[in-house]
Amino acid sequence: MPEMNPLSLPERLAQCLLASEPAKKVSLTQTLWAEWQQDHLRAGEDDARVGIANPGRPPKPLLVSPMQVPRRRLGSREGHAAMIHAITHIEFNAINLALDAAHRFAAMPVAYYADWLRVAAEEASHFELLNQHLVGLGYAYGDFDAHAGLWEMAQKTTHDPMHRMALVPRVLEARGLDATPAITQKLQRIGDTRAVEILGIIAHDEIGHVAVGSRWFAYLCGQRSLDPAVTFRDLLRDYDIPPPRLPINLAARRQSGFSELELAWLSTLVV
């Protein structure tokens, strides 16, 4: 029988979050998920959890304002690599977002922690696939500037898991569901079949990730006797979330737990 790690689940999650070297973060995250699946860990509802303000990240990429990230033409070798790098950066941040969802919020059902540990491990696999492809293109993660917009939303929702479930998976990750078909078409046009394969894997998994957010958002609304659809709309207004770019991916959003009422609001820019 393997030797048990004496650290608690929150301590193990903190290790993953604080790891700054990408390969180390990926390895720790995937090991944590494997141990959970083997019943070597338990989530204690009374565990003390102190949130981590800034998870570990490598010195590069340099983080700049989204407006300062240069636009590059996909038809060039550098532009092609920059697009893959941008998606790779999103997946690196997604590892931290999933880990933080499991680490920050105490007293949730055990299934909640299981869901977010699985999501973190899948995001780590996505990062690995994209990073390997980026290396195959002659570049490395960190070669292009990036932005920290994803983590900024996590910081805004540290006080309430209901807000986190609404605004990270159901807004930020759901935008990825909308954007993937167009990005896939662009990569198909330049003949990057490997990137198209990887995006197919990611698109499949991300539906499940957004569905996790939908499931726990609905659970938390139920705990507070709130209507999920109305509450979602109110949170979008309260946080001044801009409407999604149209068209939204109706099929993927339905699979990930959006109601028809929510889809109608989003489709008509009434948010």
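Asks: Lay out the overall build of the protein in plain terms, naming residues and giving numbers.
Replies: When its secondary structure is counted, the protein shows 10 helices and zero strands. Over its C-alpha atoms the protein spans a radius of gyration of 18 Å, differing by no more than 12% from the 18 Å that the globule rule assigns to 271 residues. By its C-alpha atoms, the protein is 55 × 50 × 30 Å across when sized along the principal axes. Each of the 271 residues in the protein was classed as buried or not, and the buried ones make up 50%. Across the protein, contacts joining residues at least 24 apart in sequence account for 79% of those joining residues at least 6 apart. Of the charged side chains in the protein, 27 are positive and 31 negative; the average position of the first set lies 7 Å away from that of the second.

Asks: Can you tell me about helix α4 (residues 110-136), naming the residues and giving the values?
Replies: Along its 27 residues, α4 runs 40 Å from first to last C-alpha, staying within 8% of the 39 Å computed at 1.5 Å per residue. Where α4 terminates, the next one or two residues include G138, which has phi positive at roughly 95°.

Asks: Outline the environment of R170, listing residues and values.
Replies: Its location among the elements puts R170 in helix α6 (residues 161-189). Note on R170: relative accessible area 2%, which makes it buried. Along the sequence, R170 and F258 sit 88 residues apart, while their C-alpha atoms lie 8.4 Å from each other. Filtering out sequence-adjacent residues up to four positions away, R170 remains in contact with M165, V210, G213, S214, F217, F232, R253, G257, F258 and E262.

Asks: Which residues make up the pattern of salt bridges, and what are the values?
Replies: Summed over the entire model, instances satisfying the criterion amount to 12 salt bridges. The closest approach of N and O atoms between D100 and R104, which form a salt bridge, is 3.0 Å. Residue D100 and its partner R104 are both found in helix α3 (residues 77-104); the two are separated by four residues, about one turn of the helix. Using a relative accessible area of 0% as the deciding quantity, one classes D100 as buried. On the accessibility criterion, R104 (16% relative accessible area) is buried. Of the charged contacts in the structure, one is a salt bridge between D160 and R224, with a shortest N-O distance of 2.8 Å. Taken as a pair, D160 in the loop between α5 (149-156) and α6 and R224 in the loop between α7 (193-223) and α8 (228-238) lie far apart in primary sequence, 64 residues in all. The partly exposed category is assigned to R224, whose relative accessible area is 36%. A cluster of three or more residues bridged by salt bridges with shared partners is formed by D115, R118, E122 and R215.

Asks: How would you summarise α5 if you had to cite specific residues and measurements?
Replies: Within the sequence span of α5, burial applies to L150, W151, M153 and A154. Summarising the axial view, the buried residues of α5 lie within an arc of 155°, below the 170-degree limit, and thus occupy one face. Turning to α5, the residues buried within the fold contact α3 and α6.

Asks: Mind laying out the side chain of R170, listing which residues take part and the relevant values?
Replies: In terms of polar contacts, R170 uses its side chain to reach the side chain of S214, at 2.9 Å. Of the polar contacts made by the side chain of R170, one reaches the backbone oxygen of G257; its length is 3.4 Å.

Asks: Residue-level account of the packing of helix α2 (residues 22-37) against α3, with values.
Replies: As a packed pair, α2 and α3 sit with axes 11 Å apart at the nearest point and diverge in direction by 40°. The orientation of α2 relative to α3 falls into the category oblique. The crossing of α2 and α3 is left-handed. Seen from α2, the contacting residues are P22, K25, V26 and T29; seen from α3, they are F92, I95, N96 and L99.

So, how was this worked out
- Residues numbered from 1 in each chain as written.
- Predicted model: local features only at pLDDT ≥ 70, side-chain atom pairs only at ≥ 80, totals over all residues.
- Heavy atoms only, no water.
- Helix = DSSP H or I, 4+ residues; strand = E, 2+ residues; numbered from the N terminus.
- Rg over C-alpha atoms; globule rule 2.2 N^0.38 Å.
- Buried < 20%, exposed > 50% of the residue type's maximum accessible area, 1.4 Å probe, protein only.
- Contact = heavy atoms within 4.5 Å.
- Lys, Arg positive; Asp, Glu negative; His and termini not counted.
- Charge placed at Lys NZ, Arg CZ, Asp CG, Glu CD.
- Expected span 1.5 Å × (residues − 1).
- Salt bridge = Lys/Arg side-chain N within 4 Å of Asp/Glu carboxyl O.
- Arc of directions from axis to C-beta.
- Polar contact = N/O pair within 3.5 Å; in protein donor to acceptor, adjacent residues only side chain to side chain.
- Axes fitted to C-alpha atoms, helices over the stretch in contact; angles between N-to-C directions.
- Parallel < 35°, antiparallel > 145°, perpendicular 65-115°, else oblique.
- Left-handed = near helix turned anticlockwise from the far one by under 90°.

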